[in-house]
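Understanding the architecture of this molecule
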Amino acid sequence: MLVCGLLAGVFSVFSYRLISLQIDRRPEFAALANQTQILKQTISAKRGAIRDVHSEVLASEMSMRRVIVDASHIKPDTLPQVCSLLADTLSLDRKVLEQKLTPDRRYLVVQRQVPEQTAEALREALEKQKLRGVYFEPDSTRIYPNGSLLCHVVGFVDYEGHGIQGIERSMNQYLEGHSGYRYITRDRTGSELVQHRGVEQAATDGNNVNLTVDLGLQCIVERELDAAVKKYAPETATAIFMRPKTGEIVAMASRPYFDINARAIAAPEQMKNRAIIDMIEPGSTFKIVTLSGVLNEKLVNPDTTVFCENGRWEYAGKLLHDAHAIGTCSVHDVLVHSSNIGAAKLAMQLGENRLYHYIKLFGFGERTGIDLPGEISGVVHPTNEWSKISITRIPMGQGVGVTPIQVVSAMGAVANRGKLMLPQIIHSITDEHDVPIAEFPPVAVRQVINQETVKPLVSALEDVVSPRGTAKGAAVPGYRVAGKTGTAQKVSPQGGYMAGKYVVSFVGFLPAQDPELVGMVMLDNATTRQGENYGGLVAAPVFASIAEKAMHYLGIDPTEAVPATRGADGILAIDNDRD
Amino acid sequence: MTPTFQHRSNGLHLFALARWIVIAAFLGATGLSYVYLKNQLNTCGVQRKALEQELHELIVQNNGLEAQIFRLTSHASLQRRLDEGFLKMVPINAQAVVHVRPMDTNRLTASERDQQSQYQTVSRESYQRP
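The rules behind each value
- Residues numbered from 1 in each chain as written.
- Chains lettered and ligands numbered in written order.
- Predicted model: local features only at pLDDT ≥ 70, side-chain atom pairs only at ≥ 80, totals over all residues.
- Heavy atoms only, no water.
- Helix = DSSP H or I, 4+ residues; strand = E, 2+ residues; numbered from the N terminus.
- Pairing = 2+ DSSP bridges.
- Contact = heavy atoms within 4.5 Å.
- Axes fitted to C-alpha atoms, helices over the stretch in contact; angles between N-to-C directions.
- Buried < 20%, exposed > 50% of the residue type's maximum accessible area, 1.4 Å probe, protein only.
- Left-handed = near helix turned anticlockwise from the far one by under 90°.
- Nonpolar A, V, L, I, M, F, W, Y, C, P; charged D, E, K, R; others polar.
- Core = buried A, V, L, I, M, F, W, Y, C linked by side-chain atoms within 4.5 Å.
- Domains from an automatic or database assignment.
- pLDDT = per-residue confidence, 0-100.
- Expected span 1.5 Å × (residues − 1).
- Phe/Tyr/Trp six-rings, centres within 6.5 Å; stacked < 30°, edge-to-face > 60°.
- Lys NZ or Arg CZ within 6 Å of the ring centre and 35° of its normal.
- Parallel < 35°, antiparallel > 145°, perpendicular 65-115°, else oblique.
- Salt bridge = Lys/Arg side-chain N within 4 Å of Asp/Glu carboxyl O.

**Looking at the environment of Met522 of chain A**
- Mapped onto the elements of the fold, Met522 of chain A is located in strand 23 (residues 517-524).
- Note: C-alpha distance between Met522 of chain A and Ser191 of chain A (331 residues apart in sequence) is 61 Å.

**A word on the sheet that holds strand 1 (residues 38-43) of chain A**
Residues and elements named next belong to chain A.
- The strand order 1-8-9 describes an open sheet built from three strands, whose pairing is antiparallel. Each edge of the open sheet is held by one strand with a lone partner, namely strand 1 and strand 9 (200-201).
- Here two bridges tie strand 8 (residues 180-185) to strand 9, and the two strands are oriented antiparallel to one another. In the strand pairing of strand 9, Tyr181 is matched with Gln201.
- With respect to the sheet, helix 2 (residues 26-37) is in contact with strand 1 and strand 8, its orientation differing from that of strand 1 by roughly 35 degrees.

**Details of the pairing of strand 5 (residues 134-143) of chain A**
Residues and elements named next belong to chain A.
- Where burial is concerned, most of strand 5 is hidden: eight out of the ten residues are buried.
- Relative to strand 5, strand 3 (residues 57-69) runs antiparallel, the two sharing ten bridges. Residue Arg65 lies in a different strand from strand 5, and its bridge partner there is Pro138.

**A look at the packing of helix 11 (residues 287-296) of chain A against helix 17 (residues 451-464) of chain A**
All names here are of chain A.
- Following both chains from N to C, one finds helix 11 and helix 17 inclined at 140 degrees, their axes separated by 9 Å at the closest point. Of the two elements, helix 11 crosses helix 17, and the hand of that crossing is right-handed. Each of Ile288, Leu291, Ser292, Leu295 and Asn296 in helix 11 lies in contact with helix 17, whose residues at this interface are Thr453, Pro456, Leu457 and Leu461.
- When grouped by side-chain class, the residues that make up the contact of helix 11 with helix 17 number six nonpolar, three polar and no charged.

**Observations concerning the nonpolar core**
All names here are of chain A.
- Membership of the largest hydrophobic core comes to 92 residues, with the highest contact counts inside it found for Ile167, Leu211, Met252 and Phe364.
- The biggest single contributor to this core is helix 16 (residues 404-415), with eight residues.
- Taken together, domain 1 (40-88 + 105-211) and domain 2 (215-258 + 272-428 + 442-560) each give at least three residues to this core, which thus spans both.
- With sequence-adjacent residues up to four places away left out, Leu211 is seen in contact with Ile50, Arg51, Asp52, Val53, Leu58, Leu150, Val153, Ile167, Ile425, Ile426 and His427.

**Re the sheet that holds strand 22 (residues 497-510) of chain A**
Residue and element names in this part refer to chain A.
- On the basis of which strands lie adjacent, the open sheet formed by five strands has the order 12-11-23-22-21 and antiparallel pairing. One side of each edge strand has no neighbouring strand; the edge strands of this open sheet are strand 12 (249-255) and strand 21 (482-491). Strand-to-strand twist across the sheet, computed as the mean angle between neighbouring axes with direction ignored, equals 10 degrees.
- Most of the contacts of helix 16 go to strand 23, to which it runs at about 150 degrees, and overall it touches strand 11 (236-242), strand 12, strand 21, strand 22 and strand 23.
- Along the sheet, helix 17 makes contact with strand 21 and strand 22, crossing strand 21 at roughly 70 degrees.

**A short note on the confidence of the model for chain A**
- In the predicted model, chain A carries a mean pLDDT of 88, and 97% of its residues have values of at least 70.
- Taken as a whole, residues 564-579 of chain A scores under 50 in pLDDT and shows 35 contacts with residues more than four places along the chain or in a different chain.

**Some thoughts on helix 17 of chain A**
All names here are of chain A.
- In this model helix 17 runs 20 Å from its N-terminal to its C-terminal C-alpha over 14 residues, within 8% of the 20 Å that 1.5 Å per residue would give.
- Among all positions in helix 17, only Thr453, Val454, Leu457, Val458, Ala460, Leu461, Glu462 and Val464 are buried.
- Contacts made by the buried residues of helix 17 are with helix 11, helix 12 (331-336), helix 16, strand 21 and strand 22.

**Examining the packing of aromatic side chains**
All names here are of chain A.
- Inspection of every chain in the model, using the stated rule, returns seven aromatic pairs over all chains.
- Taken together, a centroid distance of 6.0 Å and an interplanar angle of 85 degrees make the contact between Phe156 and Phe258 edge-to-face. Taken together, the residues span a long stretch of sequence, with Phe156 in strand 6 (residues 156-157) and Phe258 in the loop between strand 12 and helix 10 (274-277) at a distance of 102 residues.
- For Phe156, a relative accessible area of 7% gives the class buried.
- Owing to a relative accessible area of 3%, Phe258 belongs among the buried residues under this scheme.
- Centroid distance Tyr356 to Trp386: 6.5 Å. Interplanar angle 75 degrees. Geometry classified as edge-to-face. Separated by 30 residues along the polypeptide, Tyr356 in helix 14 (residues 352-361) and Trp386 in the loop between helix 14 and helix 15 (390-393) bring together distant segments of the chain.
- Through a chain of ring-to-ring contacts, three or more aromatic side chains come together here, namely Phe241, Phe506 and Phe543.
- Its end group placed over the ring of Tyr257, Arg255 keeps NZ or CZ at 4.1 Å from the ring centre.
- One Lys or Arg, Lys345, reaches over the ring of Trp313 and ends 5.3 Å from the middle of that ring.

**A word on the packing of helix 3 (residues 79-90) of chain A against helix 5 (residues 116-128) of chain A**
All names here are of chain A.
- The geometry of helix 3 relative to helix 5 is characterised by a closest axis approach of 11 Å and an angle of 160 degrees between their N-to-C directions. When the axis of helix 3 is compared with that of helix 5, the two are roughly antiparallel. Along this stretch, helix 3 crosses helix 5, giving a crossing that reads as right-handed. Touching Leu85, Leu86, Thr89 and Leu90 of helix 3 are Thr118, Leu122, Ala125 and Leu126, all from helix 5.

**Side note on unusual backbone geometry**
All names here are of chain A.
- Across the junction of Arg255 and Pro256, the peptide omega takes the value 5 degrees, indicating a cis bond.
- Its place among the elements puts Pro256 in the loop between strand 12 and helix 10.
- The omega angle of the peptide bond from Leu510 to Pro511 is -15 degrees, so this bond is cis rather than trans.
- Relative to the assigned elements, Pro511 resides in the loop between strand 22 and strand 23.
- In this model, Ser55 sits at a positive phi of 65 degrees, which is unusual for a non-glycine residue.
- For Ser55, the location among the structural elements is in the loop between strand 2 (50-51) and strand 3.
- Taking the relative accessible area as the measure of exposure, Ser55 reaches 44% and is therefore partly exposed.
- Although it is not a glycine, Gln113 adopts a positive phi angle of roughly 50 degrees.
- For Gln113, the position within the fold is in strand 4 (residues 108-114).

**Some details on the pattern of salt bridges**
- Following the criterion strictly, the structure yields 35 salt bridges over all chains and no others.
- The salt bridge involving Glu200 of chain A is made with Arg182 of chain A; its shortest N-O contact spans 3.3 Å. You can see Glu200 of chain A sitting in strand 9 and its partner Arg182 of chain A sitting in strand 8, a full 18 residues away along the chain.
- The class of Glu200 of chain A is partly exposed, set by a relative accessible area of 39%.
- Judged by its relative accessible area of 14%, Arg182 of chain A falls in the buried class.
- A salt bridge links Glu235 of chain A to Lys490 of chain A; the nearest nitrogen and oxygen atoms lie 3.0 Å apart. Placement of the pair is Glu235 of chain A in the loop between helix 9 (215-232) and strand 11 and Lys490 of chain A in strand 21, with a sequence separation of 255 residues.
- On the basis of relative accessible area, Lys490 of chain A is assigned to the buried category, the value being 12%.
- In this structure, a network of salt bridges that share partners links the residues Arg182, Glu192, Arg197 and Glu200 of chain A together with Arg48, Lys49 and Glu52 of chain B.

Laid out in structure tokens, this is it:
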């Protein structure tokens, strides 16, 4: 009886404990089990690619692995072994690793962007030595197959894969996909129990961004710019080429530059896209604004004469010079000979308010709206802030701050029959299956000048490139070129101008009768012989060299007779005798 | 008095026995089936995981090869090979160039291209630019 009673008592105690564990405290233990066994696994989305207009890849994603450790799964006696293996395979400090891997560390990212082969070798070694606690998650890295080519436009991403410069930044929301997730259950060894897989949300890959840039043209531009940098050793150099009819940017390059794949060692100065963030005084290229204004307002005609004071003119107590002494010349020749005094007198005829109006109409003093981050608006002071001599200095490009893209855009308006186009660098956006989801048709910003005004203006700009003008070196055999040189003294940070330091430029378009390309070449503080640092002598030949090759590349037939001596230059063919 | 022996025995209830045997067999079979199906599920899970792994490896391999193709066919790489002398560029005389593009074909703008292509243009109104 007693024994029976005892047994019953013991069993009752056990039964109570069993009921308590299984029923009463079930939620508590179930939560504890879930915490150890159930894990929310992220399914990474692939970032979209950046491609040129012919779908050549400029930036793409490559799969990698992320090595993580759940230290609670590592047996204490195997910890040194695990640390040693991780340290040897991933080139890490073993001691630091041992300090970090305390049993309470349930999720420690040991290394990101581990190549697949390395990860696989590590996994095999772990399996062979029967070590637990080390896991692999999908990761990726961004590759830039063209290295430094178009580096300022393409930009790059940070270590988390978010765009921080260039197209990578401005188009980040389209390039970036949406990561998915799944709840997985793991057994005591950490392996997934697939049959207990929970809710799953698939990842959506990012979209591809196709640029208007043509890498073939970009190569031509960068090669010629490099040659110019080698020859003149300027502090900086910039070249932009655009289709005037659509505003599509086909090439954009700045020097100094950097290799996107080795961006960690690049200096900030190398990373600046000077085409959109450098503010310069444009110099004589700005004369097109004044000339456009006076011709558009019909205040003068191309044959109206202007007295250019034989190269020296005092106005408001300040002396204004011309590079060459000119007496009386036509409005047409004011542009051809780039007379500062002539331009100043025409601007006075136009008046401060109307000059300011035309400056704004051409898009100066405001961002062009190109899809690149960090574009600046430049500086154009309102007329109430102008000094007495501003009306004589602004027409020759002093006292205003502009960006190279604004200058190209303004010249593009002249080339495009007076219509200012929005500079575009994005051609289209396609989804992960390459189905287009957005296209960017050309956007006309405004009609700046009448079509009738354009004709005499283009005629004068063509003469600038003739033997009479300041830019003989910009001539391209077989094509009619129109353009304008610029030679601006460098502004000193302490105020005033720096003696002997110039920003030289040439902006032009061709073929002049039906423009296909408008472009600008600009070199800051080029090293030349005394008296040779002029836009017409330094920047214009670089422009010509790029334009000639670009015309061949685009298959645009020459419209003029080609001198026989230049016939051999041009299209090149690849002759590979080893492949 | 002669004692009388009465043979006492329990009758075999075949029906009841059969019923219990069926129930036991059913429960046994159910249990075994449960275990078998659980194992099958586990095996399927392992196979699925293996297939997923294989697929992932193939994707990764494909990605790697794609990246290699991009790198080898990039302008920068071709230029490097040209500089190294691996490729040679032979100038073609301008007179030897034949333009196959018809003379009257005008370059199409992006907006004109839309009318001819199968692309569905998304207007700027419906597409929010950054």
